[in-house]
Amino acid sequence: MTQLVDRAVSQSASEPVRPTTAAALARAQQQQQAAGRRAGFGAVVKAYVSLTKPRIVELLLITTVPAMLLAERGLPSLWLIAVVLVGGSLAAGAANALNCYIDRDIDPLMKRTSRRPLATHSITPRAVLIFGLILAALSTVLMATFTNLLATLLTVGAIAYYDLVYTMWLKRTTPQNTVWGGACGAAPVLIGWAAVTGGLAWPAWVMFAVVFLWQPPHFYALAIKFKDDYARAGIPMLPVVASMRRVGLETVVYSWLTVAASVALWPFGMTPVYGVVAVVVGALLLLEAHRLDGRARRGEPLKPMRLFHWSVTYLTLLCVAVGVDVFIQ
């Protein structure tokens, strides 16, 4: 074995070392620079995508399609669904990007938002502002061209409400920001309905109420988790300015109102399939809300993310039930 190793080393040592030419070095440098540009371009694209907050956009779209199905009492034009989904995604992305621009003074103060592009200075504020306005313009043009006036106005109104009313005013001034800020989060229901029918009917408003009332328990849970972050940034979220018992009580109240609104949709032409799902998933939402409230009353760790994650599952299952119910009638 030793002889084989010595022979290999000897052969390796005897091989001539080929000098690197200037051309080869130049090619290597060009390849490195190209790789760096690709990495830089990818990082920039990733940063712009993160400004739109894709997870929030996805959650908003979950409520849009069922509303359109219910408005049509069947399957609307696939082209219309695509337009509304793309327009809604652009609108939500615009609102979120502008939200990042407005909150650029407080995002670096919170651990949860300290990695956002403006907080890390990977994109300039001017670029973010232009990006948000371009997305808003594209969504408006798309909705105006292919839907109707009401759906377009609701889209523009949702963007304006989220950035001018919620982000610039409510979020920074009142612990009720989560409650009243829920209007823009529930707007996709109305936008989807209006895109199909050109108007708004009672079932649309009931679905709007479900999403509107669902948002306080959903976001209270998140605000409990990041209570210190919000306090550091001076944002008066309810868990920052009130006792956990107060937060637990409001969580339970809004959870009951959410379930009541979901059941109230049943008489509007829905079958028992929807009704059973609304009752079952609603009961599970209430169970988790009461558990959080009970832990708050006993002074125990609240485990808020259990409610947060289940609330997302609740809304998803309820919206799926609306869509399924439409097709089985």
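Everything discussed here concerns the structure shown above.
A short tour of the structure in this document, coming up.

### What to know about the overall build of the protein chain
Thought 1: Scanning the protein chain from terminus to terminus reveals 14 helices and zero strands.
Thought 2: For the protein chain, the sequential pattern of α-helices and β-strands runs α-α-α-α-α-α-α-α-α-α-α-α-α-α.
Thought 3: Among the 329 residues that make up the protein chain, the fraction classed as buried is 47%.
Thought 4: For the protein chain, long-range pairs separated by at least 24 residues make up 74% of all intrachain contacts whose partners lie at least 6 apart in sequence.
Thought 5: Split by element, the accessible area of the protein chain, about 16,600 Å² in all, is 67% carbon and sulfur.

### Considerations on a nonpolar patch on the surface
Thought 1: A surface patch of nonpolar side chains, amounting to about 420 Å² of accessible area, comprises Leu200, Trp202, Trp205 and Phe268.
Thought 2: Here Trp205 lies in helix H9 (residues 202-225).
Thought 3: Relative accessible area serves as the criterion here: at 38%, Trp205 is assigned to the partly exposed category.

### Concerning the packing of aromatic side chains
Thought 1: Applying the stated criterion across every chain, the model contains six aromatic pairs.
Thought 2: Between Tyr48 and Phe131, the ring centres sit 4.9 Å apart and the planes meet at 65 degrees, which makes this aromatic pair edge-to-face. A residue pair is termed long-range when its members are at least 10 positions apart, and Tyr48 in helix H2 (residues 22-51) and Phe131 in helix H5 (residues 125-146) qualify at 83 residues.
Thought 3: For Tyr48, a relative accessible area of 24% gives the class partly exposed.

### A few points about the packing of helix H3 (residues 54-72) against helix H14 (residues 304-328)
Thought 1: It is the contact of H3 with H14, at a shortest axis distance of 9 Å, that shows an interaxial angle of 20 degrees. The pairing of H3 with H14 is recorded here as roughly parallel in orientation. When the axes of H3 and H14 are compared, the crossing they make is left-handed. Residues Leu59, Ile62, Thr63, Pro66, Leu69 and Leu70 of H3 form the contact with H14, whose participating residues are Val312, Leu315, Thr316, Cys319, Val322, Gly323, Val326 and Phe327.

### Thoughts on unusual backbone geometry
Thought 1: Located in the positive-phi region is His121, a residue other than glycine, with phi close to 60 degrees.
Thought 2: Here His121 lies in the loop between helix H4 (78-102) and H5.
Thought 3: Judged by relative accessible area, His121 falls into the exposed class, the value being 69%.
Thought 4: With a phi angle near 50 degrees, Lys303 is a residue other than glycine that sits in the positive phi range.
Thought 5: One can find Lys303 in the loop between helix H13 (272-298) and H14.

Cut-offs applied
Residues numbered from 1 in each chain as written. Predicted model: local features only at pLDDT ≥ 70, side-chain atom pairs only at ≥ 80, totals over all residues. Heavy atoms only, no water. Helix = DSSP H or I, 4+ residues; strand = E, 2+ residues; numbered from the N terminus. Buried < 20%, exposed > 50% of the residue type's maximum accessible area, 1.4 Å probe, protein only. Contact = heavy atoms within 4.5 Å. Areas by Shrake-Rupley, 256 points an atom, 1.4 Å probe, with all protein chains shown as cover. Patch = residues over 30% accessible without salt bridge, like charges linked within 9 Å, V, L, I, M, F, W, Y side chains within 5 Å. Salt bridge = Lys/Arg side-chain N within 4 Å of Asp/Glu carboxyl O. Phe/Tyr/Trp six-rings, centres within 6.5 Å; stacked < 30°, edge-to-face > 60°. Axes fitted to C-alpha atoms, helices over the stretch in contact; angles between N-to-C directions. Parallel < 35°, antiparallel > 145°, perpendicular 65-115°, else oblique. Left-handed = near helix turned anticlockwise from the far one by under 90°.

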